[in-house]
Structure formats: structure tokens, C-alpha cells
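Overview (structure and organization)
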Amino acid sequence: MEESHEVEGDSRSYYITTAIDYPNAEPHIGHTLEKVAADAVARYRRLQGCDTYFSMGLDENSQHVAKAAETNQVELPVWIARMDEAFRLAWAKLGIQYDRWIRTTEESHFRASQEMFLRAQERGDVYKAIYSGWYCPNDNTFYRDDELVDGKCPDHPTVDLEWVEEENYFFALSHYSEQLLAYIATHPNFISPPSRLAEVMSFFHQGLRDFSISRRVNPKRPIWGVPVPGDPDQVIYVWFDALTNYLTAVGFPDNGTQFERYWPADVHVIGKDIVRFHCLYWPAMLMSADLPLPRQIAVHGFITLEGRRISKTTGNVVSPVDLVDEFGVDAVRYYVLRNLSFTSDSDFSRAGLIQRYNDELAKDLGNLLNRVVSMIQRYRQGTIPQPGADGELERALQRVADEARRGAEKALESWEIGRAIESVWSLVQRANQYLEQNKPWKLARKAEKQERLDTVLYSAAESLRLLALYLAPFIPSASKKILTQLGLPAAKHGDWRKLGTWGAARLCAVSEGEILFPRKETETHHSEEKEQCRS
Ligand SMILES: [Zn+2]
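The structure reproduced in this document is the subject of the present report. (Residues numbered from 1 in each chain as written. Predicted model: local features only at pLDDT ≥ 70, side-chain atom pairs only at ≥ 80, totals over all residues. Heavy atoms only, no water.)

Turning our attention to the overall build of the protein chain. Regarding its fold elements, the protein chain presents 20 helices and 15 strands. For 535 residues, the compact-globule estimate of 2.2 N^0.38 gives 24 Å, and the C-alpha radius of gyration of the protein chain, at 26 Å, lies within 12% of that figure. Dimensions along the principal axes, computed over C-alpha positions, put the protein chain at roughly 90 × 60 × 40 Å. For the protein chain, buried positions account for 56% of its 535 residues. Carbon and sulfur atoms provide 49% of the accessible area of the protein chain, an area that totals close to 23400 Å². (Helix = DSSP H or I, 4+ residues; strand = E, 2+ residues; numbered from the N terminus. Rg over C-alpha atoms; globule rule 2.2 N^0.38 Å. Buried < 20%, exposed > 50% of the residue type's maximum accessible area, 1.4 Å probe, protein only. Areas by Shrake-Rupley, 256 points an atom, 1.4 Å probe, with all protein chains shown as cover.)

Below you can see the structure in the form of C-alpha cells.
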């Protein structure tokens, strides 16, 4: 099974998921990182020719969501419909192309969750016991006394914990200790980056505890959640149901054909706060249900906003929709991905965004396109010339193009997305340098240098074509605009493999277009003033 997956070819499937979000408030920039990163990788796999399936969605069955509706004095179904729209709008604005949008209130998802519960029960992994402990309503996690920080949830220091004491169903995680350890030991790529492994191992050292997989229905509240099969007094614990979304999204349990085609998932992309659920609970649930395990869990760090923790309570949030309206989809995606780290946390700052926009997108890339297209217009009436013989500078440029592509591929394999962009950017820089070295504006004035000018203009245009392709996963809309100015169609399925090398496509004529990234005013003075007003 594993081997056949490695075979290169159009039929190779690639199933990628993101975590599903609680629709308790509109999405903010903190949610954006994971979604844009997963989208970039999904786009890359499509360009590689993989049969890619990308799923995202909402985790609606949480008391957390029910509370948000109550606080906002809106009926629950109205609330989740409103949030559903807000999330889908944000992802559309960010150019995220998912294949499946899953909401855990879907009937198909209820069936999948109940099927998982029943399978665990049949396997003898479910038992009833009294649960008592602290429960954080914000992350739906149970904590022991020794896990609390100053009596509060380690992740939500301002939230009051609930003391819960009730009889409910438990899942025997302890049955799977050895199997899980063995799986992790024999699958070195299962947890990415490898630096996250230490945290997972620490759970084993503490000893795996069985976890509660249901909550008693509160008789004073409407039932919210997936009913436990055969027990109307209990609903399935929201994490048990949420994790199952990855199966529901590919047709489990009803659509066997789709399920066979995409399961097991190639990767679940998640934040560092939910490692325990994805690296322990989820694999054990799958083992219990006799289903194959996902190939990889890719864990990203968090982003802070202007150096501070993103928090609704302190008002430190930025809407991705507003950012895209102001800077454009490519600028936001570029900044998030370029600065993104899967090994540590990173910061989102407005000044940083403007700086990268001006220095890299406007100056490096935008100017390159503008110069090349206008020179081809001016010196060759818009026709991209055929090159003459390559010299040392052309061979060097071609080598850089090849290294840029390989470097990006390698970095994407290990979820180093910022590094992948950095690798592509070495070609942007080299192409600019190539123009400076050859000075086509001087060649144009000399009759005996016309063949040389052809070579230089062609090589610069070909560099741009490759750049547009290599940047398509990250800044798809800019990629399309570059290709349009080069007289070519947008990058499509399989193009990375088919057209990703020097000279692999025919260039004909350019068509002048708008400035790709008009410069933005820097805001140093302005923001200092605002800072002063606030304090
Ligand atoms: Zn919490």
C-alpha cells in the first residue's frame, strides 16, 4: 500500500485536511495561516498532477458554539448559518480552493460519528464510568488538577473552568499504548516537524489515560451534538465527533468508492494546541475502528499579532477579509506564507506586511515583469524572440531556475513553506541580476548585438514563465496575471511536472497589463501616532 502511493503518475491521490474551526466568532488572522498553508500545498499537489482532495470546515457541535449563539441572542441554527457564511467568505477572499466544505451538523457526519462510536463499542473499547474533573468550555478539554495553571486552563487563563461530575462513556485509550508507540517508531514522517515528537512522547511517559467520549445531555438546554447510539441521555463528546470529520469528508461510511480512493489521508494540518488529539486519540480511534491511519500530522506554530497574543477579549484581532480588501489576496497570502514557520511561532505585523509587499512583491517581482514585458514591446513589437546561442550567463540562470524548483519541492515536502518561497525568490533575484548584467537597453542600440538581445529577452521571459508556475501555489492570482502578460494560460493540473523546466513551453507574444503590485505608502509615522492615542 505504502509503496504504490509513492508511484508518480496522474492517478496518485493526495488527501489533505485542515482542522475544523469552532464557529463561535468570525475568523481572524490566526485561523488564516493554517488554511492558506494547506491551500498552497493542495495547489502544489494539483500542479504535480495528483488526484488531490482538500477538505475544510466547521466544528459546530460544541457547547462553545451554543454559548456564542446565546451570548449574541441568536437562535443556534441562525448563528451557525451566519458563521458558515462568514468563514466561507473569508476563505474565498483568500483564494482557498477546497474540494469539500464539511459542517459537523450534517446528517452524513452524524452517521459517521455514530458508526465510529459503535465500532469502538463492538471492539470492547467503550465503557461507562463516573467522570469527574475540570472542563474547559473553550477548547472542550478535560483537565486534571495537576494540569491546571493557577487553577485555570493552560490555554485559556481568563476562562472559568467547569467542574464536571457525571456518568458517561469512556474510550480505552490505554488499550492502544503499545500499538501507538510502535506506529510512531516505524513511521518517522508521521509527526512533522520532528521537533513536535518530544511533546507526543511526553504523553506516553505520563501514561495514556482513557478519555471520556460523551457528555450527559443537560435537561435544561436543547440537545446539541451527535446522540450516542442507543442512549438518548448522552451526546458524543465533541472531539470524538470532530476528529471523525476527516472520514465523513471522503464518504465514510456510505460512499465506499470515494473512501477507498482517498483514505488514508496524506496529511492533517493542525495547530500545535491540538497535537494530543491528532497524534494519540485519533490514531487510537482509527485502530479501534479497524481503519488505516493518516500518513502524516503536520503541526504549525501560532501567530501573534503585532507581537501580542491574538485575543477577542482584548480586541487584538484582524479580519482577513479587511486585509485582502486593502492589500489584495496575493499580498496577504505571500506575507503569511513567507513568514510562516511550522517549527516555531511567528508574528503578523502590518508594517512587516507593507515592507515585504514593497521590497519583494512590488520591487523584485513586479518590476521584473514590468521591465521585461515593456522591453519586449519596445524592442520586438511584443513578439518574444527565439534565443540565439546560450552563454555562461544563460547557463547560470538556467541552473538557478532548476535549483529554485528543486529547493521549493524539497521544502514543501517537509512543510517549510517560507523556505519554499525563499527558494523560488532566488530566481526572482537572479533574473533581475541577469538584466543588470546584460543591459538589454544598451544592446538595443547596437545593430551587431541584436541576436544577443533576442537571447536576453527570451531568457528573461522564460524565467518569468517559470516563476509564475513556481509561485502559483502561493500567489495564484499574481501567477495568472504574469502568465497572461506572457500570453499564456493560467497554470493548470499537472503543469509543474509537464512545464516546470527551462524551455518546456513555447513563448509567443507578450501583452502589456496593469502594474502587478503598485507600491504602498509606508505608515511608520501614522502608526506611531495611533499608538500614542491609544496609551
Ligand atoms: Zn481551554
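The structure having been displayed, the exposition proceeds.
What follows covers the packing of aromatic side chains. Taken as a whole and assessed by the stated rule, the structure comprises 26 aromatic pairs. Residues Phe 252 and Phe 259 carry aromatic rings whose centres are separated by 5.4 Å and whose planes lie at 45° to one another, so their mutual orientation is tilted. In terms of burial, Phe 252 and Phe 259 fall into one category: buried. When the centroid spacing of 6.0 Å and the interplanar angle of 5° are considered together, the rings of Phe 259 and Trp 263 count as stacked. Each member of the pair, Phe 259 as well as Trp 263, is classed as buried. Members of the aromatic cluster, joined through ring pairs, are Tyr 15, Tyr 53, Tyr 246, Phe 252, Phe 259, Tyr 262, Trp 263 and Trp 282. Here the guanidinium or amino end of Arg 378 rests over the ring plane of Tyr 379, the centre of that ring lying 5.5 Å away. (Phe/Tyr/Trp six-rings, centres within 6.5 Å; stacked < 30°, edge-to-face > 60°. Lys NZ or Arg CZ within 6 Å of the ring centre and 35° of its normal.)

Attention now moves to a positive patch on the surface. On the surface, Lys 439, Lys 442, Arg 445, Lys 446 and Lys 449 cluster together into a patch of positive charge. By secondary structure assignment, the location of Lys 449 is in the loop between helix H16 (440-443) and helix H17 (450-471). (Patch = residues over 30% accessible without salt bridge, like charges linked within 9 Å, V, L, I, M, F, W, Y side chains within 5 Å. Salt bridge = Lys/Arg side-chain N within 4 Å of Asp/Glu carboxyl O. Lys, Arg positive; Asp, Glu negative; His and termini not counted. Charge placed at Lys NZ, Arg CZ, Asp CG, Glu CD.)

Strand order in the open sheet formed by six strands is E3-E2-E1-E12-E13-E7, and the pairing between neighbours is parallel. Of all the strands in the sheet, the pair left with one neighbour each is strand E3 (100-103) and strand E7 (191-192). Where E7 lies against strand E13 (residues 297-300), two bridges are found, and the strand directions are parallel. Its bridge partner lying in E13, Ile 191 is registered against Ile 297. Contacts from helix H10 (residues 275-288) reach E7, strand E12 (267-271) and E13 within the one sheet, and its direction differs from that of E12 by about 145°. (Pairing = 2+ DSSP bridges. Contact = heavy atoms within 4.5 Å. Axes fitted to C-alpha atoms, helices over the stretch in contact; angles between N-to-C directions.)

So, on to the pattern of salt bridges. One pass over the full model with this rule turns up 39 salt bridges. Between Glu 107 and Arg 111 there is a salt bridge whose closest N-O contact spans 3.4 Å. Of this pair, Glu 107 and Arg 111 are both found in helix H5 (residues 107-122), four residues apart, which corresponds to roughly one turn of the helix. A salt bridge links Arg 119 to Glu 115, with the shortest nitrogen-to-oxygen separation between them at 2.8 Å.

Side chains of E13 alternate between two faces, with Ile 297 and Val 299 and Ala 298 and His 300 buried alike. Pairing between E12 and E13: four bridges, direction parallel. Within the sheet, the bridge partner assigned to Val 269 lies in E13 and is Ala 298. The handedness of the E12 to E13 crossover, carried by H10, is right-handed. (Right-handed = clockwise from strand over helix to strand, strands pointing away.)

A few words on the environment of Trp 415. Locating Trp 415 in the fold gives a position in the loop between helix H14 (392-413) and helix H15 (417-438). With relative accessibility at 3%, the residue Trp 415 sits in the buried group. Counting along the chain gives 243 residues from Trp 415 to Ala 172, while the straight-line C-alpha distance between them is 33 Å. Here Trp 415 is in contact with Tyr 14, Ile 16, Ala 37, Val 41, Ser 192, Val 267, Val 269, Gln 296, Ala 298 and Phe 342, once residues within four sequence places are set aside.

With that out of the way, let us pick up the side chain of Gln 234. Tracing the chain through its elements places Gln 234 in strand E11 (residues 231-236). Of the polar contacts made by the side chain of Gln 234, one reaches the side chain of Ser 214; its length is 2.5 Å. If sequence neighbours within four positions are ignored, Gln 234 has contacts with Glu 167, Asn 168, Tyr 169, Ser 214, Arg 215, Arg 216, Val 217, Pro 227 and Val 228. (Polar contact = N/O pair within 3.5 Å; in protein donor to acceptor, adjacent residues only side chain to side chain.)

Counting residues in each nonpolar core, the largest one holds 101 residues, and the members touching the most others are Ile 16, Leu 337, Trp 415, Ile 417, Leu 427 and Phe 474. The next biggest cluster of nonpolar side chains, apart from the first, holds 76 residues, and it includes Tyr 176, Ile 213, Phe 259 and Leu 280. (Core = buried A, V, L, I, M, F, W, Y, C linked by side-chain atoms within 4.5 Å.)

Quick look at unusual backbone geometry now. Looking along the chain, the bond that leaves Phe 252 and enters Pro 253 is cis, with omega of -5°. Locating Pro 253 in the fold gives a position in the loop between helix H8 (238-248) and helix H9 (256-262). With an omega of 5°, the peptide bond running from Trp 263 to Pro 264 counts as cis. Inspection of the secondary structure puts Pro 264 in the loop between H9 and E12. For Asp 290, which is not a glycine, the phi torsion comes out positive at approximately 60°. Backbone geometry places Trp 415, a non-glycine residue, at a positive phi of 60°.

Attention now moves to the sheet that holds strand E9 (residues 214-216). On the basis of which strands lie adjacent, the open sheet formed by three strands has the order E9-E11-E10 and antiparallel pairing. Each having just a single partner strand, E9 and strand E10 (227-228) make up the two edges of the open sheet. Direction of pairing for E9 relative to E11: antiparallel, over a ladder of three bridges. Within E11, the position partnered with Ser 214 by the bridge is Ile 236.

A few words now on the packing of H5 against H8. Viewed as axis vectors pointing N to C, H5 and H8 meet at an angle of 110°, and their least axial separation amounts to 9 Å. Classified by the angle between their axes, H5 and H8 sit roughly perpendicular to one another. You can see that H5 and H8 cross each other, and the crossing is right-handed. On the side of H5, the interface is formed by Ser 108, His 109, Ala 112, Ser 113, Met 116 and Phe 117, while H8 contributes Phe 240, Asp 241, Thr 244, Asn 245, Leu 247 and Thr 248. Looking at the contact of H5 with H8 residue by residue, the classes come out as five nonpolar, six polar and one charged. (Parallel < 35°, antiparallel > 145°, perpendicular 65-115°, else oblique. Left-handed = near helix turned anticlockwise from the far one by under 90°. Nonpolar A, V, L, I, M, F, W, Y, C, P; charged D, E, K, R; others polar.)

Before going further, it helps to spend a moment on H15. Taking 1.5 Å of rise per residue, 22 residues should cover 32 Å, and H15 covers 32 Å from first to last C-alpha, within 8% of that figure. Where H15 terminates, the next one or two residues include Lys 439, which has phi positive at roughly 45°. (Expected span 1.5 Å × (residues − 1).)

Let us look at the packing of helix H2 (residues 29-47) against helix H12 (residues 329-339). Interaxial distance between H2 and H12 falls to 10 Å at its minimum, and their mutual angle equals 95°. By the angle class used here, H2 and H12 are roughly perpendicular. In this structure, H2 contributes Leu 33, Val 36, Ala 37, Asp 39, Ala 40 and Arg 43 to the contact, and H12 contributes Arg 333, Val 336 and Leu 337. Taken together, the residues of the contact of H2 with H12 break down into six nonpolar, no polar and three charged.

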